[in-house]
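# Analysis of the macromolecular model
Single-letter residue listing:
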Amino acid sequence: MSDFEFTFALFGLLLGLSLAEVLSGLARAIEARLRPGSPFRIGWLTPLLGAFVLLDLLSFWQAAWVSRDVIDVSGLTLMAVTGFAGAYYLAASLVFPRTLDGASDLDAHFFRVRRIVIGVMLALLAAQLLFYMSVPELSERLRNPLALALTVVLVALMIAAMTVRGQIWSRIAMAALVARYVVVYLL
């Protein structure tokens, strides 16, 4: 077993739990909406936040693969992986409320948690960029003009999604974040 395989087992487990957390939250919301006579409204914002978190999780999973040749097993590496993936789990677990009893609209939930969830994702992006800058083999990737432009767009959209006011602007910011990832995955 290589160092990467050993470390990635922990990383993959925690990121997999994060994916399951977002998907199970969506399932709870759909179930609540389908109850007969339910006034519960899912809306657009929380599902868009969930889609963004899922897509961002996939990008970091892919980034782990890019880093495979420079990963070694150490206490520091295992703590960093646990902290990083644990922060993802925290963000993923906040996307949908744990219980939907008494909730009537997930858009209200979005406005309560968006700054925390997207803020955690922004901090994780900064941590990834700092890691890449600290490793010569990976820092070359940061000099790619397309990668740099896509990262600037991502950061700008994340800040916009955290700060814009109102339903319409929030929907636009969240849809743009999701669309940015879809476009990148199709390139």
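Everything discussed here concerns the structure shown above.
Owing to the predicted nature of the structure, the values given are computational and were not obtained by experimental measurement.

### A closer look at the pattern of salt bridges
Pairing between side chains becomes possible if they bear opposite charge and their charged atoms approach one another. Scanning the model with the defined rule gives three salt bridges in all. A salt bridge links Glu21 to Arg98, with the nearest nitrogen and oxygen atoms 2.8 Å apart. Remark: Arg98 occurs in the loop between helix 3 (75-95) and helix 4 (106-134) and Glu21 occurs in helix 1 (residues 3-34); sequence separation between them is 77 residues. We note a salt bridge from Arg41 to Asp107, for which the minimum N-O separation is 3.2 Å. Placement of Arg41 in the loop between helix 1 and helix 2 (45-66) and of Asp107 in helix 4 is noted, with a sequence separation of 66 residues between them. Classification of Asp107 by relative accessible area gives buried; the value is 0%. The structure contains a network of salt bridges with shared partners spanning Arg41, Asp105 and Asp107.

### A few points about the environment of Phe6
In this structure, Phe6 sits in helix 1. C-alpha of Phe6 to C-alpha of Ala179: the two residues are 173 residues apart in sequence and 34 Å apart in space. Ignoring sequence-local partners within four residues, the contact set of Phe6 consists of Met1, Val73 and Leu78.

### Some thoughts on the packing of aromatic side chains
Any two aromatic rings considered together are summarised by their centre-to-centre distance and by the angle between their planes. Taken as a whole and judged by the stated rule, the model has seven aromatic pairs. Considering the side-chain rings of Phe84 and Tyr88, the 5.9 Å spacing of their centres and the 70 degrees angle between planes classify their relative orientation as edge-to-face. With Phe84 and Tyr88 both in helix 3 and four residues apart, this pair spans about one turn of that helix. Accessibility expressed as a relative area gives 0% for Tyr88, which makes it buried. Taken together, a centroid distance of 5.2 Å and an interplanar angle of 80 degrees make the contact between Phe110 and Phe111 edge-to-face. A residue is classified by how much of its surface remains accessible, and Phe110, at 0% relative accessible area, is buried. Grouping aromatic residues by their ring pairs yields a cluster made of Phe52, Tyr181 and Tyr185.

### Considering a nonpolar patch on the surface
Taken together, the side chains of Met1, Phe6 and Val73 define a hydrophobic patch exposed on the protein surface, amounting to about 330 Å² of accessible area. Look at Phe6 and you get partly exposed, because its relative accessible area is 42%.

### So, helix 4
With 29 residues, helix 4 should cover 42 Å at 1.5 Å per step; its first-to-last C-alpha distance of 40 Å lies within 8% of that length. Where helix 4 bends most, at Val113, the angle is about 55 degrees. Here helix 4 starts with a cap whose side-chain oxygen sits 2.8 Å from the backbone nitrogen of Asp107, and that cap is Asp105.

Conventions and cut-offs
- Residues numbered from 1 in each chain as written.
- Predicted model: local features only at pLDDT ≥ 70, side-chain atom pairs only at ≥ 80, totals over all residues.
- Heavy atoms only, no water.
- Salt bridge = Lys/Arg side-chain N within 4 Å of Asp/Glu carboxyl O.
- Helix = DSSP H or I, 4+ residues; strand = E, 2+ residues; numbered from the N terminus.
- Buried < 20%, exposed > 50% of the residue type's maximum accessible area, 1.4 Å probe, protein only.
- Contact = heavy atoms within 4.5 Å.
- Phe/Tyr/Trp six-rings, centres within 6.5 Å; stacked < 30°, edge-to-face > 60°.
- Patch = residues over 30% accessible without salt bridge, like charges linked within 9 Å, V, L, I, M, F, W, Y side chains within 5 Å.
- Areas by Shrake-Rupley, 256 points an atom, 1.4 Å probe, with all protein chains shown as cover.
- Expected span 1.5 Å × (residues − 1).
- Bend = angle between axes of the 7 residues up to and from the residue.
- Polar contact = N/O pair within 3.5 Å; in protein donor to acceptor, adjacent residues only side chain to side chain.

Interpretation in functional terms is not warranted from these geometric data alone.
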